[in-house]
Amino acid sequence: MSYVLYYSPGAASMPVHWMLLEMGVPFEARLVDIDAGQQHDPEYLRLNPAGRVPTLVVDGVPRHESAALLMLLAERHADAGLAPAPGTPARGEWLEWMIYLANTLLPAMRDWFYAASDGDPAGADAVRALAQRRIEAACARLDAHFAGGHAYLAGDKLSTADLLALVLMRWTRNMPHPATVGWPHLAAYIRKLRARPAFIELNEREKLTEWRNDAQ
Ligand SMILES: N[C@@H](CCC(=O)N[C@@H](CS)C(=O)NCC(=O)O)C(=O)O
């Protein structure tokens, strides 16, 4: 099995990068500087016509979409245990969280960060206001889940849903209501996941200094 990850620090590639480290599988990481516009280079567009990160080249075939990549890796490395096995009750929970995060929360994040460039800048404030409501509703939903005594999102065991959720929570750090403030159960979960050795290594590799347990 061979993997080449095209990533940008802190971007939607981060949960995939984290998963590869968490599983300890060999991979090559190639930086795409999205601030410098490298996602629009013709060479990169041949791998990912949408001009976005991540791209994971799996055995020579470029694949896209962070949530799909997490699910694909979970299937290819079932022994790593980052997804509940098919047919178990936790599988349904895992599918629900993966789709909720990818289908509801991630698009709201995209709207928050890209309202003025994906759409008409004149309407950007209204788009961001709706995105903020959706993001805060997601934080409240996560907080309620952990208030109910769960240690993780699915099956009370670490899964790809947690990797995706944590990176999405990281993106709230400069928003009007960051995930670490006012949602105590969510904040405790965030601190717990940030302490994982693979997450610490991920931050080192992506040269990220913000939003680490040792940075607050
Ligand atoms: N739904 C996609 C979203 C990918 C995405 O929007 N990536 C952003 C970075 S977080 C990106 O590539 N932005 C550069 C751009 O849009 O030009 C996924 O989950 O992989």
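Now for a quick tour of the structure. (Residues numbered from 1 in each chain as written. Predicted model: local features only at pLDDT ≥ 70, side-chain atom pairs only at ≥ 80, totals over all residues. Heavy atoms only, no water.)

1. Side note on the sheet that holds strand β2 (residues 28-31)
- Spatial strand order, β2-β1-β3-β4: four strands in an open sheet with mixed pairing. Because the sheet does not close on itself, it has two edges, and the strands there are β2 and β4 (61-64). Between one strand axis and the next, the sheet turns by 25 degrees as a mean value, whatever way the strands run.
- Of the strand pairs in this sheet, strand β3 (residues 55-58) and β4 are connected by four bridges, and their pairing is antiparallel. (Pairing = 2+ DSSP bridges. Helix = DSSP H or I, 4+ residues; strand = E, 2+ residues; numbered from the N terminus. Axes fitted to C-alpha atoms, helices over the stretch in contact; angles between N-to-C directions.)

2. A look at the pattern of salt bridges
- Per the counting criterion, the structure on display carries nine salt bridges.
- R196 serves as the salt-bridge partner of E22, at 2.6 Å between the closest nitrogen and oxygen. Of this pair, E22 sits in helix α1 (residues 14-23) while R196 sits in the loop between α7 (184-194) and α8 (197-205); the two residues are 174 residues apart in sequence, bridging distant segments of the chain.
- Under the relative-accessibility criterion, E22 is labelled partly exposed at 22%.
- Put simply, D59 and R76 hold a salt bridge, and the shortest N to O gap is 3.0 Å. Here D59 is found in the loop between β3 and β4, whereas its partner R76 is found in helix α3 (residues 66-76), with 17 residues between them in sequence.
- On the accessibility criterion, D59 (42% relative accessible area) is partly exposed.
- Salt bridges linked by common partners bring E204, R212 and D214 together as one network. (Salt bridge = Lys/Arg side-chain N within 4 Å of Asp/Glu carboxyl O. Buried < 20%, exposed > 50% of the residue type's maximum accessible area, 1.4 Å probe, protein only.)

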